[in-house]
Amino acid sequence: MKTKLPLWVIRLLRLISQKEDFEYFLGDLEEMYQERYRQKKGTGAMRLFLLRHLFSLVDLRVILKKLFFVGQTESMWRFNLKLSLRNFARHRGYALTSLTMLSLGLFTVLVIALFATYELSFDRYHEHSESIYRTQRHVETGDDTFTDAMLPAPLAAAAQLEIGEIERWARLCKFREAGIFRIDEQTTYNEPRYIWADNDLLKLLKVEVLDGELSEALSDPGDLVITESTALKFFGTAYAVNKTLEFRTGFHEDVTMRVTAVIKDLPPNTHLQFDLINSFKTLETAHFRDIINNWDINYYYHYLQLGRHADLASVESRLNTVLARNVESEADSKTTLSLQPITDIYLNPLGEGWLLGPSSDKRYLYFFFFIAVLVLVMSAINYVSLATVRSAKRAGEIGMHKVIGASGSQVFWQHMTESLMLSLLASMAAIGLVNLILPTINQAFDLSINADLIMNWEFFVGFFAVALVIGLLSGLYPSIILSSYKTTEVIKAGRHATLKFRGLRNVLVLVQFVASIIVLMSSVLVYQQLRYVRQADLGFDQEQLIIFPLGTLETISKFDLLKTNLEQHSSVVSFSAASQFIGGNQLFKETFELADAETGEIKGINSVRFGVEHDFLRTLSATLAAGRHFNRQIPTDLNEAIMVNEAFMRQAGLSDYEAALGQQISVDFNWGERLELKLIGVVEDFHLQSMKSAVEPAAFYIRPDEYMRAHVKINTTDMRQALTEIENTVKSIAPELAFDFSFQDDQIASLYQMDRKMERALYYLTIITVLIAALGLFSLAVFIAQQQRKEMGIRKVLGASSKSIALKFSWYFIKLILLGLVVAVPLAFWLMQDWLNGFAFRMKIRPETFILVSGSIFLLVLVSVGLQVYRISKTNPVNILRNQ
Amino acid sequence: MKGTYLGEFEELVLLVVGVLGEDAYSVSIKTEIEQRTQRNPSIGALHSSLKRLEDKGFVTSYAGHGSEDRGGRKKRLYHITAAGKQALSKSHELRTTLFQLLPGS
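From a predicted model like this one, the values you see are computed outputs, not experimental measurements.

(A) Up close: the overall build of chain A. Broken down by element type, chain A carries 30 helices and 24 strands. Relative to the compact-globule value of 29 Å for 884 residues, chain A shows a C-alpha radius of gyration of 37 Å, a clear excess of over 25%. Expressed as a percentage of the 884 residues in chain A, the buried residues total 52%. A sequence separation of at least 24 residues applies to 78% of the contacts in chain A between residues at least 6 apart. Surface summary for chain A: the accessible area is close to 41,200 Å², and the carbon and sulfur share equals 57%.

(B) Broad picture of empty space enclosed by the protein. Residue and element names in this part refer to chain A. Taken as a whole and assessed by the stated rule, the structure comprises five cavities of 30 Å³ or more. Of the volumes computed, that of the largest cavity is approximately 90 Å³. What lines the largest cavity is a set of 13 residues, among which Ala-387, Arg-394, His-415, Pro-478 and Leu-482 lie closest to the centre. Among the secondary structure elements, those contributing two or more residues to the lining of the largest cavity are helix 12 (362-404), helix 13 (408-445) and helix 14 (457-483). Top element by residues in the lining of the largest cavity is helix 12. It accounts for five residues. There is about 50 Å³ of room inside the second largest cavity. Its residues assigned to classes, the lining of the second largest cavity comprises eight nonpolar, three polar and one charged.

(C) Representation of the packing of helix 13 of chain A against helix 14 of chain A in the model. Residues and elements named next belong to chain A. It is at 7 Å that the axes of helix 13 and helix 14 come closest, and there the two elements cross at 145°. Two packed elements cross with a definite hand, and for helix 13 against helix 14 that hand is right-handed. Across the contact of helix 13 with helix 14, the residue classes break down as 17 nonpolar, nine polar and no charged.

(D) Quick look at unusual backbone geometry. Residues and elements named next belong to chain A. Despite not being glycine, Asp-123 shows a phi value in the positive range, around 60°. Looking at where Asp-123 falls in the secondary structure, it is placed in the loop between helix 6 (92-120) and strand 1 (132-141). Relative accessible area serves as the criterion here: at 0%, Asp-123 is assigned to the buried category. A positive phi is found at Gln-544, a non-glycine position, where the angle reads about 50°. The residue Gln-544 is located in the loop between helix 17 (502-535) and strand 14 (545-549) in this model. The exposure class of Gln-544 is partly exposed, given its relative accessible area of 24%.

(E) Quick look at the side chain of A:Ser17. All names here are of chain A. As for its position among the elements, Ser-17 is in the loop between helix 1 (7-16) and helix 2 (19-38). Looking at Ser-17, the relative accessible area reads 4%, which means it is buried. Of note is the side chain of Ser-17, whose polar atom sits 2.6 Å from the backbone oxygen of Leu-13.

(F) Geometry of the confidence of the model for chain B. Across chain B, pLDDT averages 87, with 95% of residues at or above 70. Scored as a complex, the prediction yields pTM 0.72 and ipTM 0.89.

(G) Structural view of the pattern of salt bridges. Residues and elements named next belong to chain A. Tallied over the full model, the rule gives 40 salt bridges over all chains. In this structure, Lys-233 and Glu-191 form a salt bridge, with 2.6 Å as the shortest nitrogen-oxygen distance. Here the residue Lys-233 occupies a position in helix 9 (residues 228-235), and Glu-191 occupies one in strand 5 (residues 188-191), the gap between them amounting to 42 residues. By relative accessible area, Glu-191 is classed as buried at 3%.

(H) Structural view of helix 1 of chain A. Residues and elements named next belong to chain A. All buried positions along helix 1 are accounted for by Val-9, Ile-10, Leu-13 and Ile-16. All buried residues of helix 1 fall inside an arc of 135° around its axis, so they share one side. Among the exposed residues of helix 1, those pointing more than 90 degrees away from its buried face are Leu-7, Arg-11, Arg-14 and Leu-15.

(I) Region of interest: a nonpolar patch on the surface. Residues and elements named next belong to chain A. A surface patch of nonpolar side chains, amounting to about 410 Å² of accessible area, comprises Phe-369, Val-373, Val-377, Val-507 and Val-511. Taken together, the elements giving at least two residues each to the nonpolar patch come down to helix 12 and helix 17. Among the elements that line the nonpolar patch, the one with the most residues is helix 12, at three residues. Taking relative accessible area as the criterion, Phe-369 reaches 59% and is therefore assigned exposed.

(J) Spatial organisation of the packing of aromatic side chains. All names here are of chain A. A full pass over the atoms with the stated rule returns 33 aromatic pairs over all chains. Centre to centre, the rings of Phe-234 and Phe-235 are 5.9 Å apart; their planes meet at 85°, and the pair counts as edge-to-face. Accessibility assignment for this pair places Phe-234 and Phe-235 in one class, buried. Taken together, a centroid distance of 5.5 Å and an interplanar angle of 70° make the contact between Phe-540 and Phe-686 edge-to-face. Of this pair, Phe-540 sits in the loop between helix 17 and strand 14 while Phe-686 sits in the loop between strand 21 (673-683) and strand 22 (698-702), and the two are 146 residues apart along the sequence. Of the two residues examined, Phe-540 and Phe-686, each falls in the buried class.

Reading the values: the criteria
Residues numbered from 1 in each chain as written. Chains lettered and ligands numbered in written order. Predicted model: local features only at pLDDT ≥ 70, side-chain atom pairs only at ≥ 80, totals over all residues. Heavy atoms only, no water. Helix = DSSP H or I, 4+ residues; strand = E, 2+ residues; numbered from the N terminus. Rg over C-alpha atoms; globule rule 2.2 N^0.38 Å. Buried < 20%, exposed > 50% of the residue type's maximum accessible area, 1.4 Å probe, protein only. Contact = heavy atoms within 4.5 Å. Areas by Shrake-Rupley, 256 points an atom, 1.4 Å probe, with all protein chains shown as cover. 1 Å grid on protein atoms, 1.4 Å probe; cavity = no way out; pocket = protein on both sides within 12 Å on 5 of 7 lines; lining within 4 Å. Points joined across faces, edges and corners; volume = space filled by probe spheres on them. Nonpolar A, V, L, I, M, F, W, Y, C, P; charged D, E, K, R; others polar. Axes fitted to C-alpha atoms, helices over the stretch in contact; angles between N-to-C directions. Left-handed = near helix turned anticlockwise from the far one by under 90°. Polar contact = N/O pair within 3.5 Å; in protein donor to acceptor, adjacent residues only side chain to side chain. pLDDT = per-residue confidence, 0-100. Salt bridge = Lys/Arg side-chain N within 4 Å of Asp/Glu carboxyl O. Arc of directions from axis to C-beta. Patch = residues over 30% accessible without salt bridge, like charges linked within 9 Å, V, L, I, M, F, W, Y side chains within 5 Å. Phe/Tyr/Trp six-rings, centres within 6.5 Å; stacked < 30°, edge-to-face > 60°.

If you want it as structure tokens, here you go:
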């Protein structure tokens, strides 16, 4: 009895084995199969048996070889390479154009990928970065909702007691003002980057110790951990353990701190930046009140690490229970806690003023990603359309190959080789370019992207994979088309060939137009939005306004003396002070209560509070909307008057300002007492922070013990002279102050650092994109024009003018660009509308922008194409036609 | 010389090739191994072992005629070389020497 080996076995075997082995393998299988058949095995067992042996015959090397040489031998592959190189050498212009476009595209993508990698690398270097969280607080009060990370300090101990999944918990506190550290009588430093933290913070985060021991470094009052560069600055040595210095709190007597450890400077890619850590325990002794065991003070960041198998939702819900048990919730407000992974903080930052270090915005990341994809698509399309246009020229070459005996697959692989080689060359060029330019990019954008980020094999493999895919995809179409040419057709007349894929070329050119219009439009719009935000009127005069902190109570007590002396200078317009800077950190808020005019019901308004000196609002040149400014001549202004901004009035529901004057407003004062104030004036809204956030309600009242931030309005052409005068006066009256001034407009500008970087990045990206698009378009025009030289020549002989010919041939592009505009403009509009929705203050998208951008693109196309065609149509038709 | 080491399975296959003499090819080797040991090697494992043995110069191969059972397809016959025999006896010697050194035997 005989049986037949199933057909699928033979097919599979052919697929996996080399030609030479196929017969032997098949013979073996057949023999074993027959043997088993004689033993009368069941079909299931037979199938299993066949599968097992088939599988055992699989050789990965053979499979790989087969994949790469479909219908090819190794020598063919070598031949393809040689032929491609020769082709590149012969058509240098074409090869160079394609190469430039591809490498520009890949370069852009690489840079964006690098940037994205950097942005996503934030806080991922900590040992347990995936299980470290920061608590967030979401508060809903009436129609007002906000999210921050400020929580009471006792939460830590209470939560740890009940929630077993919490492995570590560290509280962190950062004051608004710079810390004042006195090394000795002569040397005092203002250190803005200092925090207070529990000892466990050093275990949560990855910090490298240089000197001392970290395990107990922050467990006692007076313990201080500093970074290497701070140690060098303070003591001239990194080995500073056990050195002591004075910490000046400003509201309490000085505290002696002892350095317990010196750590390496922090890497740039963490949201939590600091140079000095005071132990949290110090806060208990160094503050004039108990602010640590108080559930009502929401002022502390909480970082925690969860156990490996902890359930996030369950921990969150128990956290909320702990909080609710300890904090009496107000009737109309609801507070919920949640945990934010530490790796998310950088891209989803808290409100302005509450940041602990650098922050970014994932919207930018999305936008850049979007541009990267478009650029990649554009450069691929450039290649495809160029290759297809040029294929007409190569029709003869391909025909010749075929006559000599090349098969379709050989022609296919030959052209595939070319495109793969180009993309590989381009990716190498791109990597070289990036390495060359990276330092410049870092410098220009104040980034610290390390080339190491790409100098690892994963990145290389990924990048080359992208390049290969681009090469494959863009090579696919031309290769298929070229290999499908009928020999006789192409030998006889090369022109037939191009007609075949004119349709697809149109689509590609159209897609490219659409892509570049979208990139250009959206870049211009993003650019406009960023400028709008940055240059909009803040509502107060930030020019020629000098600000400096007055530091300690000792200096604040000399305020009046300072004022009289400073205002004697002719350059000083006015000198005043307030409890906080505009655009400064951590704008303090307070709940103000006022009775509703009609119902008499008490209403709470959560508002930013400024303790000010009489002249503060005048110094800012804020505009009065109603009532009057504070006046030193009216003694009741000191304790019984309040001014608010329009946002406050809106929140309170008071639309008639004049009628509202005299309204009683009360506010918490000195921890428990209440201050009863009378509304004397309303100022027009001015921005307390950057334009990215909306104007919040603000209230101003006189608080002489809070004159912590001095504001000097000057009017001078000689800034240096004025500054020296001010500095000398301040130093003579308050020698204890480390005079450290800045300009209000710089302070505001610093809020837009990130945005300005983005503006510049966008600028360059747009240039590159337009360059790629223009290059592609231009070369396309050149090739098409050259192809149709004969037609032009004949037209000219028959009497057409150069101009009419140029117009006729440009018409093809004009049609496409018009169509492209029709598709791209609504798309760009829709995309950008969506993007802009994330801003509190957004410009209106103006139609002029679209018209201007469309117009300039149109002009660009017209000029580049028209010039090219015109140049050819100007040549003497004899020269063209003689060649035929 | 590079790679003259004999793996355990390779040694077994080489021995069987020697034993079978003129009729050593993949399926017959497989059957022999199945009968002598309790193993059931896959055909692929045999082919790769044979290939390696051939690369090391321990066996030579030549094409043989097909039988009816094979659907008339050729088989690749293997023959042990002098180097193969030497490798086998070397390995045998080593084992015997070591075995004699085993205490209590």
